[in-house]
Amino acid sequence: MKAEANVRVEHRGQLLFHVTSQSKEEEFYVCDLSLNRGLGECSCRDWATRCQPRIRAGYAPNDDPHAERINCKHIHACLLWLGKEVVRRTNG
Ligand SMILES: [Zn+2]
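Cut-offs used in this document
- Residues numbered from 1 in each chain as written.
- Predicted model: local features only at pLDDT ≥ 70, side-chain atom pairs only at ≥ 80, totals over all residues.
- Helix = DSSP H or I, 4+ residues; strand = E, 2+ residues; numbered from the N terminus.
- Buried ≥ 20, exposed ≤ 12 C-beta atoms within 10 Å, placed from the backbone.
- Core = buried A, V, L, I, M, F, W, Y, C linked by C-beta atoms within 7 Å.
- Contact = placed C-beta atoms within 7 Å.
- Expected span 1.5 Å × (residues − 1).
- Pairing = 2+ DSSP bridges.
- Axes fitted to C-alpha atoms, helices over the stretch in contact; angles between N-to-C directions.

Re the overall build of the chain
Reasoning step 1: For the chain, the count of helices and strands is three helices and four strands.
Reasoning step 2: Listed N to C, the secondary structure of the chain is α-β-β-β-β-α-α in terms of helices and strands.
Reasoning step 3: Burial analysis of the chain (92 residues in total) assigns 22% to the buried set.

Structure follows, in structure tokens:
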């Protein structure tokens, strides 16, 4: 789970997030999980160069990390954040 350890997720409403690098606080990426039929979209280079072409080619969602993954670590961190939020709310 190292990918999640060095990023900070900021919820900006609905399915929109800013994901900040803890090493470079001034840099953040925009993750919108509502795009691409719910597969999400990120403003980072990894997503644009590796994930987007796979989504366009019709790859199915799979676990991250994976050689043919369609999520960058920022989107992955958002999904984890949402999962934890559901657990927190469910536990009251
Ligand atoms: Zn990203």
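Here's the deal with the nonpolar core
Reasoning step 1: One finds Val9, Val19, Cys31, Cys42, Cys72 and Cys78 to be the most contacted residues of the largest nonpolar core, which totals 15 residues.
Reasoning step 2: Broken down by secondary-structure element, the contributors of at least two residues to this core are strand E1 (7–11), strand E2 (16–21), strand E3 (28–32), helix H2 (45–56) and helix H3 (73–90).
Reasoning step 3: The leading source of residues in this core is H3, at three residues.
Reasoning step 4: Apart from the residues lying within four places of it in its own chain, the contact partners of Cys31 are Phe17, Val19, Gly40, Cys42, His74, Ile75 and Cys78.

Looking at H3
Reasoning step 1: Its 18 residues give H3 an end-to-end C-alpha distance of 26 Å, which sits within 8% of 26 Å, the value for a rise of 1.5 Å per residue.
Reasoning step 2: Of the residues making up H3, those classed as buried are Lys73, His74, Ile75, His76, Ala77 and Cys78.
Reasoning step 3: Phi turns positive one or two residues past the end of H3, at Gly92, with a value near 70°.

A look at the sheet that holds E1
Reasoning step 1: Ordered by their spatial adjacency, four strands build an open sheet running E1-E2-E3-E4, and the pairing between neighbours is antiparallel. What marks the edges here is a single partner per strand, and that holds for E1 and strand E4 (41–42).
Reasoning step 2: Note that E3 and E4 share two bridges and pair antiparallel. Each bridged residue has a counterpart across the sheet, and for Cys31 the counterpart in E4 is Cys42.
Reasoning step 3: Packing of H3 onto the sheet brings it into contact with E1, E2, E3 and E4, and relative to E1 it is tilted by some 60°.

Some remarks on the pairing of E1
Reasoning step 1: Alignment of E1 against E2, held across five bridges, turns out to be antiparallel. By the bridge assignment, Val7 is partnered in E2 with Ser21.
Reasoning step 2: What sits between the antiparallel neighbours E1 and E2 is a turn of four residues, in which Gly13 has the positive phi angle 110°.

As for unusual backbone geometry
What you tend to see is this: most non-glycine residues have negative phi, and most peptide bonds are trans.
Reasoning step 1: Phi angles above zero are rare outside glycine, and Gln14 is one such case at about 50°.
Reasoning step 2: Along the chain, Gln14 falls in the loop between E1 and E2.
Reasoning step 3: Phi angles above zero are rare outside glycine, and Asn36 is one such case at about 55°.
Reasoning step 4: Within the element layout of this structure, Asn36 appears in the loop between E3 and E4.

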